[in-house]
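# Fold and geometry: a report
Next come the chains, spelled out residue by residue.
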Amino acid sequence: MSVELEELYQEVILDHARRPRNFGELANAAVLVHGDNPACGDEIHLGVRFGPDGSLQDIKFSGHGCAISQASASMMTTKLKGKTRAEATELLRAFQDLVTGETTKQSQNLGDLLLMQGVQKFPQRVKCAMLPWRAFEQALQQTAGESTVSTETDFSNSGFRTASPLG
Ligand code: ZN
């Protein structure tokens, strides 16, 4: 393993990948988003429940994939739980900037997520790290229902999305 890769798979990231936090199906999820990263084979199913004030009352994920995608999802859900939509949107932008090589003022709010910075040297790994965040971005755009996003599709292109009410 190269020095760069060793940096990438740091202990904290591996710990999240081995023992993912907020892993499982979320009961009474308002929004369920299936994220797919065919380039690596990562899949994530993200469930979100909003509180009466619109904040992220609970968020859980399941699925399978490489260490980076699983760790990113675990760290993301840990970070987002309890946040307002505005705070969550800021974190989403800050994380996107971080893994694509831009450092902004908001980076300091990312905490442990800063450890994912190493992926910016590996374009394929950026997709892995962004997969849960893309699913989350989609979740924020829905108040209810189920949909699918893919790293191989421009997710702002509404033609790809399918939405249907849950249960
Ligand atoms: Zn991956």
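Residues numbered from 1 in each chain as written. Predicted model: local features only at pLDDT ≥ 70, side-chain atom pairs only at ≥ 80, totals over all residues. Heavy atoms only, no water.

## Considering the overall build of the protein chain
From N to C terminus, the protein chain includes five helices and four strands. Seen in sequence order, the protein chain has helices and strands lined up from the N terminus as α-α-β-β-β-α-α-α-β. Sorting the 167 residues of the protein chain into buried and exposed places 43% on the buried side. A sequence separation of at least 24 residues applies to 57% of the contacts in the protein chain between residues at least 6 apart. For the protein chain, the exposed surface amounts to about 8100 Å²; the carbon and sulfur share of it is 49%. (Helix = DSSP H or I, 4+ residues; strand = E, 2+ residues; numbered from the N terminus. Buried < 20%, exposed > 50% of the residue type's maximum accessible area, 1.4 Å probe, protein only. Contact = heavy atoms within 4.5 Å. Areas by Shrake-Rupley, 256 points an atom, 1.4 Å probe, with all protein chains shown as cover.)

## Focus: the side chain of Asn22
With respect to the helices and strands, Asn22 occurs in the loop between helix H2 (11–18) and strand S1 (31–37). Under the relative-accessibility criterion, Asn22 is labelled buried at 17%. For Asn22, the side chain forms a polar contact with the side chain of Thr77, separated by 3.0 Å. Within polar-contact distance, the side chain of Asn22 engages the side chain of Lys81 at 2.9 Å. Once residues within four sequence positions are removed from consideration, Asn22 is found in contact with Ile59, Lys60, Phe61, Ser74, Thr77, Thr78 and Lys81. (Polar contact = N/O pair within 3.5 Å; in protein donor to acceptor, adjacent residues only side chain to side chain.)

## A few points about the nonpolar core
Counting 40 residues, the largest nonpolar core has Leu46, Ile68, Leu80, Phe95, Trp133 and Phe136 as the members making the most contacts within it. Of all elements in the fold, only S1, strand S2 (42–50), strand S3 (56–64), helix H3 (67–80), helix H4 (85–99) and helix H5 (123–141) reach the threshold of two or more residues within this core. The element best represented in this core is H5, accounting for ten residues. (Core = buried A, V, L, I, M, F, W, Y, C linked by side-chain atoms within 4.5 Å.)

## Notes on the coordination of the zinc ion
Within the first shell, the zinc ion binds the protein through Cys40 (SG), Asp42 (OD), Asp42 (OD), Cys66 (SG) and Cys128 (SG), at distances of 2.1 to 2.7 Å. Sequence spacing of the donors to the zinc ion: C-x1-D-x23-C-x61-C. Pair noted here: Asp42 is in strand S2 and Cys128 is in helix H5, with a separation of 86 residues, a long-range link. For the pair shown, Asp42 and Cys128 are each scored as buried. (Donors = N, O, S within 2.8 Å, 3.2 Å for Na, K, Ca; no water.)

## Quick look at unusual backbone geometry
Peptide bonds are mostly trans, and most non-glycine residues show a negative phi. One non-glycine residue, Asn22, lies in positive phi territory at about 55°. Positive phi values are uncommon outside glycine, yet Asn28 reaches one of about 55°. Taking relative accessible area as the criterion, Asn28 reaches 66% and is therefore assigned exposed.

## Regarding the sheet that holds S3
Here we have four strands laid out as an open sheet, ordered S3-S2-S1-S4, and mixed in their pairing. Both edges of this open sheet fall to S3 and strand S4 (145–150), since each of them pairs with a single strand only. Neighbour-to-neighbour, the strand axes of the sheet open up by a mean angle of 15°, direction not taken into account. For S2 and S3, the ladder comprises eight bridges, and the chain directions are antiparallel. What sits directly across from Phe50, in S3, is Leu56. Contacts from H3 reach S2 and S3 within the one sheet, and its direction differs from that of S3 by about 170°. Seen against the sheet, H5 touches S1, S2, S3 and S4 and runs at an angle of roughly 35° to S2. (Pairing = 2+ DSSP bridges. Axes fitted to C-alpha atoms, helices over the stretch in contact; angles between N-to-C directions.)

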